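# Results of the structural survey
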Amino acid sequence: EGHDAVIAVYAACDAESLEEACELVRKARRLAKGAPQVALVATKADLRPCEVTEDEGRARAQELGASLFAQLASPPGAAPDASAAAASPRAALEAKLLQPLLRACYAA
């Protein structure tokens, strides 16, 4: 108990997906036996038009009581304006999401 995690993912280019992710977090919290660690993750942050800014995503994560907020870009080649900085999507995912979420679970 106390080591459960919920990862809710939404597309930054789709505001409705943020609303759905937030509702799923609330539902998961109601159904959980304990208090799960929550990560709210924005994907496709590099695609335009961007309907949800990073600040808006962080604010929603804070409202939800999420222990982590991460914003990730699409893998290189997935979009015409994809960021070259995301050369290793797996490494970025591990560094920005998995490692911090595991630390939060262990600290709970």
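As the structure is a computational prediction, the values presented were derived from the model and not from experiment. (Residues numbered from 1 in each chain as written. Predicted model: local features only at pLDDT ≥ 70, side-chain atom pairs only at ≥ 80, totals over all residues. Heavy atoms only, no water.)

### Some thoughts on the overall build of the chain
The helix and strand tally for the chain stands at three helices and three strands. Shown N-terminal to C-terminal, the secondary structure of the chain runs as helices and strands in the order β-α-β-α-β-α. Looking at the 108 residues of the chain, the share that counts as buried comes to 35%. Of all intrachain contacts in the chain linking residues separated by at least 6 positions in sequence, the fraction that spans at least 24 positions is 76%. Approximately 6,500 Å² of the chain is accessible, and the part contributed by carbon and sulfur atoms is 54%. (Helix = DSSP H or I, 4+ residues; strand = E, 2+ residues; numbered from the N terminus. Buried < 20%, exposed > 50% of the residue type's maximum accessible area, 1.4 Å probe, protein only. Contact = heavy atoms within 4.5 Å. Areas by Shrake-Rupley, 256 points an atom, 1.4 Å probe, with all protein chains shown as cover.)

### Some details on the nonpolar core
Tyr 10, Leu 18, Leu 40 and Phe 69 are the most contacted members of the largest nonpolar core, which totals 17 residues. Of all the secondary-structure elements, those providing two or more residues to this core are β1 (5-11), α1 (15-31), β2 (37-43) and α2 (54-64). Tallying contributions element by element places α1 first for this core, with four residues. Listed in part, the six residues of the second largest apolar core include Ala 39, Leu 68, Leu 72 and Leu 97. (Core = buried A, V, L, I, M, F, W, Y, C linked by side-chain atoms within 4.5 Å.)

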